[in-house]
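Given next are the chains, with one letter for each unit.
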Amino acid sequence: MTKNIYLDYQATTPCDPRVFKAMEPYFEVFYGNAHSRSHPHGWKAEEATERARAQVAASIHADPREIIFTSGATEANNLAIKGVADFYRDQKNHIITLKTEHKCVLESCRSLESRGFDVTYLPVQVDGLVDLKVLEAAITPQTLLVSIMAVNNEIGVIQPLAAIGALCRSHGVLFHTDAAQALGKIPLDVEAMQIDLLSLSGHKMYGPKGIGALYVRRKPRVRLTAQISGGGQERGMRSGTLPVPLCVGMGEAAQIAVEEMPSEVLRLEGLRDLFLEKIMAAIPEVYINGSMTARVPGNLNLSFAYVEGEGMMMGIKNLSVSSGSACTSSSLEPSYVLRALGVDVSLAHTSLRIGLGRFTTKEDVLTAADAIIKSATHLRNMSPLWEMAQAGIDITSIRWAEH
Amino acid sequence: MAYSKKVIDHYENPRNVGSMQDAPDVGTGLVGAPACGDVMKLQLKINDQGVIEDAKFKTFGCGSAIASSSLITEWVIGKTVAEAMNIKNVEVAEYLELPPVKIHCSVLAEDAIKSAIRNYQEKKEA
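It is worth spelling out the overall build of chain B at this point. Per the secondary structure count, chain B includes five helices and three strands. What you see in chain B, going N to C, is helices and strands ordered as α-β-β-β-α-α-α-α. At 14 Å, chain B has a C-alpha radius of gyration in line with the 14 Å of a compact globule built from 126 residues. Judged by the C-alpha coordinates and their principal axes, chain B covers about 45 × 30 × 20 Å. Counting the 126 residues in chain B, one finds 50% classified as buried. In chain B, once contacts between residues fewer than 6 apart in sequence are set aside, the share between residues at least 24 apart is 62%.

The next subject is the overall build of chain A. If you tally the helices and strands in chain A, you get 13 helices and 13 strands. For a compact globule of 403 residues, the expected C-alpha radius of gyration is about 22 Å, and chain A comes in at 22 Å, within 12% of that figure. Taking the principal axes of its C-alpha atoms as reference, chain A extends roughly 75 × 55 × 35 Å. When burial is assessed residue by residue, chain A has 50% of its 403 residues classed as buried.

Residues and elements named next belong to chain B. As summarised here, the arrangement of the three strands in space is β1-β2-β3, forming an open sheet in which the pairing is antiparallel. Each edge of the open sheet carries a strand with a single partner, namely β1 (26-33) and β3 (52-60). Between one strand axis and the next, the sheet turns by 10° as a mean value, whatever way the strands run. Inspection of the sheet shows β1 paired to strand β2 (residues 38-46) by eight bridges, in the antiparallel sense. Paired with Leu 30 across the strands is Lys 41, a residue of β2. This element, helix α2 (residues 63-76), spans β2 and β3 of the sheet and lies at about 175° to β3. Its contacts with the sheet place helix α5 (residues 103-125) against β1 and β2, and it is angled at close to 145° to β1.

Below, the discussion takes up the interface of chain A and chain B. Taken together, the contacts link 21 residues of chain A with 23 residues of chain B. Elements with a contribution of two residues or more to the side of chain A that touches chain B: α9 (309-315), α11 (345-348) and α13 (384-390) of chain A.

Residues and elements named next belong to chain A. With domains assigned, chain A is organised as domain 1 (5-10 + 261-397) and domain 2 (17-257). Measuring from the centre of the C-alpha atoms in domain 1 to the corresponding centre in domain 2 gives 30 Å. Secondary structure elements with two or more residues in the side of domain 1 that touches domain 2: β10 (299-304) and α10 (336-340). Of the residues in the side of domain 1 that touches domain 2, the class split is six nonpolar, ten polar and three charged.

Cut-off values and rules
- Residues numbered from 1 in each chain as written.
- Chains lettered and ligands numbered in written order.
- Predicted model: local features only at pLDDT ≥ 70, side-chain atom pairs only at ≥ 80, totals over all residues.
- Helix = DSSP H or I, 4+ residues; strand = E, 2+ residues; numbered from the N terminus.
- Rg over C-alpha atoms; globule rule 2.2 N^0.38 Å.
- Buried ≥ 20, exposed ≤ 12 C-beta atoms within 10 Å, placed from the backbone.
- Contact = placed C-beta atoms within 7 Å.
- Pairing = 2+ DSSP bridges.
- Axes fitted to C-alpha atoms, helices over the stretch in contact; angles between N-to-C directions.
- Domains from an automatic or database assignment.
- Nonpolar A, V, L, I, M, F, W, Y, C, P; charged D, E, K, R; others polar.

Here it is as structure tokens:
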């Protein structure tokens, strides 16, 4: 049987064995409740969560008291956006975000709109990056929060965090960034980048699923209204018993991600370039979606013109990749992120996201490139659109019956 | 989502892939739209007795779209125009065990047959 190759590191990552090993004792041996302040079992658990909190804080140059554990980046993003909006709602009512943000950011904003907030969903440039002049022009005296992701989950582009942070600070606007895809890929420094709120996810950085964190700045202090009622844990911002093993895993994962980043970035760049050169040399009309310069090395998003993405995935069934094609989602619309870049809707149907990561080998990328080249060539020979393009017919000139 | 064995078979071993030279006895149907992620081209060679002698297809789309078009080429060869006009998308969907989200692939296949036959008939009348 052919080996299955995992190339979907933006969807999730395997838990690093070192992380898993660090977590193990906290299931069976040190099972105490970290909030039990009056006995040894509780103290041992609390010691572990506070060590993890310090590891997470250090990875983004924050103070441990500024880290709130959550169930994941989705919850962290919800808490940041809705929490800040609720707390400051009597002062300001305008939020700015990007059209290419993760659904949990966009949907949090939508829910605030239904509660009377004004939200501006900014377009991005063709490379997927925000135009700082457009951002500045959108800021009004009513603007409370700017929420712009650090690294995009579909196209891997890196937003100019420091410039956005400086702009927000100069206008007295809070800056939140969803950094779920960023830790261990780019340097993150909440001081240098003037970030007020930052969301993280455990399972996107070789930690466990079910845990995330929100950084909330203390100086100058950022306030937010808790979204979950309960015992007032996490400085009153997120009630609920801490999942000690998951916290330990998140902390360990954050530390490893940052420590190994310099060498890992170079290694992945090498693998990515090898893969891309092989593909580009073998197949004409392959387009890269998103900036190639402001981009994390573990992400490629390619459109194989005239070959539909899901059809392609069926031909490379031993490769776990993801497609921007409508057919792979329940919505029947192709990727909204690619559409926001201005990628033609037909081309959006032909996109594949290839995610490389810590356990990807040279052999993996060579095998994957061969399989993709073979499948794309085969399907192009079967594609009426490819045939028309080769005959010099402009497919956009045809009146298609859209169904 | 798991594909049925029949879809996988037609995807991996598509029948009658290709194109025919345009001719008075060839009807061509081009249905779907690139913006929707599915385009089927079906060509039928029809003799004077109204019998479909050959069929060729090319499809841009997912595995179910490719399988649906491959299947109908097999089904229409040897049939009369009247019989081919009676092929319903439900039969294609049932045979390939298409899930609800893929029913539109079978609809496109039925449209392709009708469109190709219409094109042939228009040529005859012209």
